[in-house]
Amino acid sequence: MAQPERNERQRLRPAPLLFEPSEAAADPEHFFDLESMEDPTALLTRATELTLAFRAATDRAVEFQAVAAAQLADPRRFDRLTAAEIAGRAEWTEDYAKKMIEFGRSLLDAPAP
């Protein structure tokens, strides 16, 4: 991922993800109160905000996965893991684990913004 692209995404401030009360989360029809919205314009706006927030959260989580994979595979660690071991823990293929390790190393080596 190019650094300018990442900075651009960080400037976009999607709606915050708010945790739902446990009783609401237990109801399969309940999703961030969208089912109770009757105005289609408001529903589209809020659903779009949530979509952007989930995408941003996914991107950040993937970056953290990559950094963790790179740290676990670091040859300087006495307890370092192989790509196959990391793949097993993360439920990835070994090839994907190798790519994530590379990606994580690039993130770790990138200068701080």
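Please refer to the structure higher up on the page.
The structure contained in this document is the topic of the report that follows. (Residues numbered from 1 in each chain as written. Predicted model: local features only at pLDDT ≥ 70, side-chain atom pairs only at ≥ 80, totals over all residues. Heavy atoms only, no water.)

**Structural notes on the pattern of salt bridges**
The condition is simple: Salt bridge, as applied in this entry: a Lys or Arg side-chain nitrogen positioned within 4 Å of an Asp or Glu carboxyl oxygen. Burial here depends on accessible area, computed with a 1.4 Å probe over protein chains only, as a share of the maximum for the residue type. Under 20% is buried, over 50% is exposed, and the range in between is partly exposed.
Evaluated as defined, the whole model comprises five salt bridges. Put simply, Asp74 and Arg76 hold a salt bridge, and the shortest N to O gap is 2.7 Å. Using a relative accessible area of 16% as the deciding quantity, one classes Asp74 as buried. Classification of Arg76 by relative accessible area gives exposed; the value is 74%. Across the pair Glu94 and Lys98 runs a salt bridge, and its minimum N-O distance is 4.0 Å.

**Section: the environment of Asp79**
Defined as follows: For the purposes of this entry, the term helix denotes a DSSP run of H or I that reaches at least four residues, the term strand denotes a run of E that reaches at least two, and both are numbered from the N terminus. A 3.5 Å cut-off defines polar contacts: any pair of N or O atoms within that distance qualifies, except that in protein one atom must be a possible hydrogen donor and the other a possible acceptor, and neighbouring residues in sequence count only when both atoms are side-chain atoms.
Within the secondary structure, Asp79 sits in the loop between helix H3 (40-72) and helix H4 (83-90). Residue classification places Asp79 among the partly exposed positions, given a relative accessible area of 36%. A distance of 3.1 Å separates polar atoms of two side chains, one belonging to Asp79 and the other to Arg77.

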